[in-house]
Amino acid sequence: MMSNSTAKGALAGIKVLDLSRVLAGPWATQMLADLGADVIKVERPVAGDDTRHWGPPFLKDDAGNDTREASYFTACNRNKRSITVDMAHPEGQALLRQMAAEADVVVENFKVGGLAQYGLDYDSLKALNPRLIYCSITGFGQDGPYAERAGYDLMVQAMCGLMSITGHADEQPGGGPLKVGVAVIDVFTGLYASNAILAAINARDNARTGTGEGQYIDMALLDVGMAVLANQAAGYLATGQAPGRAGNIHPSLAPYQDFKTSDGNVLLAIGNDGQFARFCAAVHQPEWAQDARFATNTARVQNRTALLALMVPLMQTRGTQEWIALLEDKAVPCGPINTIAQAFADPQVRHRGIAQSLPRQAGDGIGHVATVANPMRLSATPVTYRSAPPTLGQHTHEVLREMGVSEARISALYADQVI
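Residues numbered from 1 in each chain as written. Predicted model: local features only at pLDDT ≥ 70, side-chain atom pairs only at ≥ 80, totals over all residues. Heavy atoms only, no water.

For the rest of this paragraph, the subject is the overall build of the protein chain. When helices and strands are tallied, the protein chain shows 17 helices and 13 strands. Reported as C-alpha extents along the three principal axes, the dimensions of the protein chain are approximately 85 × 50 × 45 Å. The buried share of the protein chain, taken over its 419 residues, is 44%. When contacts within the protein chain are restricted to residue pairs at least 6 apart in sequence, those whose partners lie at least 24 apart make up 67%. Of the roughly 20,300 Å² of accessible surface on the protein chain, a fraction of 54% belongs to carbon and sulfur atoms. Averaged over its 34 positive side-chain charges, the protein chain has a centre that lies 3 Å from the centre of its 41 negative ones. (Helix = DSSP H or I, 4+ residues; strand = E, 2+ residues; numbered from the N terminus. Buried < 20%, exposed > 50% of the residue type's maximum accessible area, 1.4 Å probe, protein only. Contact = heavy atoms within 4.5 Å. Areas by Shrake-Rupley, 256 points an atom, 1.4 Å probe, with all protein chains shown as cover. Lys, Arg positive; Asp, Glu negative; His and termini not counted. Charge placed at Lys NZ, Arg CZ, Asp CG, Glu CD.)

Pasting the structure below:
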């Protein structure tokens, strides 16, 4: 059925049936695809994944004109093959069950129980393929009082408390709860989901302990939102006191924040007493590091107001690049606050090849699609960039042929609008 794996990929030979859309599920399956798995993305005929239409911005064709392809879709769908199947049609359901019978993994993000009516739920597919690993991604999980609710990243950022600790304090200009600038709960859910899938593959296939059996994975955005509160959640559980918004300062470190400079802003991320002492020496204020109020991180946090009264005017005496030049060779973490454009132009980002361009051979006038490199650098089984995000249904005919479907039946399926 699925033969597009790379021989060099860590997941070469793994077959993934991707029934998910938007961001969390596709982020998980793109991770698997980057590692060499053959991912077949199933989309609705005509409409496709919702994010194909989430624009502007849109991709441009080779002549520089906007197309109808939203750039959002390209963020999480490279290295996949797209087929269109109407799962409401009995023949479409039969095709998908045939694919699931040969797959290692199914990923879906329909509402709880939503695929049972099509015979595409875990119990139905497990009966066909006991080795199947089936990952469901929902807003609130498969059980509990909110299980039937739809869940979205922004809603979960609000519900899990992330917005209560993001942004300036209420009494400050621009204060109030604020969402993160990227759909981080969706992205983190995708990462947790891919980790869970990899764990399930190992549990099934490990040469020493593998069971040979698949399993069900229940991923919930709210669970992930609570998990990624990290030290903020740990602090609450330790004290019973809910943290609030504090702008760019760190609740447990000082000075660890942005400062105005003479020509812009700079970020200082001083994480220990040695770094603070080196900062003080560099600015010819060694006595600050000996001051009992500032000698330890705990003291600096407790006396943050007094420390900032000294540092804020000092930081405005030099420009941003002057500060970076002064501190970067003294092991004092310091850097600019870039726009995304400036970040992509950064020499380190350019050296690491973060911006990639993938050729798109789909005959739609879009010759290349830009993408952001996967940050995992594996020495023996590296991430590969085999194909650009596909056009809608680009591989339907190819995949059906691999499944052994005859040309006559493929033509009939197209005629009946099953595919």
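Let us now look at the sheet that holds strand β6 (residues 105-108). Across a sheet, paired strands are connected by hydrogen bonds in the backbone, their directions being either parallel or antiparallel. With parallel pairing, six strands are arranged side by side in an open sheet as β5-β2-β1-β6-β7-β8. Each of the sheet's edge strands pairs with one partner strand only, and the pair in question is β5 (80-84) and β8 (216-220). Adjacent strand axes in the sheet meet at a mean angle of 20 degrees, parallel and antiparallel pairs treated alike. Note that strand β2 (residues 38-43) and β5 share five bridges and pair parallel. From the neighbouring strand, Val-39 faces β5, where its bridge partner is Lys-80. (Pairing = 2+ DSSP bridges. Axes fitted to C-alpha atoms, helices over the stretch in contact; angles between N-to-C directions.)

Let us look at the pattern of salt bridges. Overall, the coordinates contain 20 salt bridges when judged by the stated rule. Residue Asp-34 pairs with Arg-78 through a salt bridge whose shortest N-O separation is 2.7 Å. One end of the pair, Asp-34, is in helix α1 (residues 24-34); the other, Arg-78, is in the loop between α2 (71-74) and β5, and 44 residues separate them in sequence. With a relative accessible area of 1%, Asp-34 lands in the buried category. For Arg-78, a relative accessible area of 3% puts it in the buried group. For Asp-170, the salt bridge identified is with Arg-245, shortest N-O distance 2.2 Å. Separated by 75 residues along the polypeptide, Asp-170 in the loop between α5 (153-159) and α6 (184-205) and Arg-245 in the loop between α8 (230-239) and β9 (256-260) bring together distant segments of the chain. What makes Asp-170 exposed here is its relative accessible area of 55%. Each member of the salt-bridge network shares a partner with another, and the members are Glu-43, Arg-52, Glu-69, Arg-360 and Asp-364. (Salt bridge = Lys/Arg side-chain N within 4 Å of Asp/Glu carboxyl O.)

Now for the packing of aromatic side chains. Counted under the stated rule, the structure contains six aromatic pairs. Relative to Tyr-216, the ring of Tyr-134 has its centre 5.8 Å away and its plane inclined at 25 degrees; by these criteria the two rings are stacked. With Tyr-134 in strand β7 (residues 133-138) and Tyr-216 in strand β8, this pair connects stretches of sequence that are 82 residues apart. Given the relative accessible area of 29%, Tyr-216 is considered partly exposed. Pairing Phe-140 with Tyr-146 gives two aromatic rings, centres 5.6 Å apart and planes at 75 degrees, and the pair type is edge-to-face. Judged by its relative accessible area of 8%, Phe-140 falls in the buried class. (Phe/Tyr/Trp six-rings, centres within 6.5 Å; stacked < 30°, edge-to-face > 60°.)

So, about the sheet that holds strand β10 (residues 265-269). The antiparallel open sheet is built from three strands, whose spatial order is β9-β10-β11. The open sheet has two edge strands with one neighbour each: β9 and β11 (334-336). This sheet shows a mean twist of 25 degrees between the axes of neighbouring strands, independent of strand direction. Sheet topology note: the β9/β10 ladder contains five bridges and is antiparallel. By the bridge assignment, Tyr-256 is partnered in β10 with Ala-269. Here helix α13 (residues 320-327) sits on the sheet in contact with β10 and β11, set at roughly 150 degrees to β11.

Let us look at α6. Taking 1.5 Å of rise per residue, 22 residues should cover 32 Å, and α6 covers 31 Å from first to last C-alpha, within 8% of that figure. Burial in α6 covers these residues: Val-184, Ile-185, Asp-186, Val-187, Thr-189, Gly-190, Ala-193, Ser-194, Ile-197, Ala-200, Ile-201 and Arg-204. Among the structural elements, α1, β6, β7, α5, β8 and α7 (221-227) are those in contact with the buried residues of α6. (Expected span 1.5 Å × (residues − 1).)

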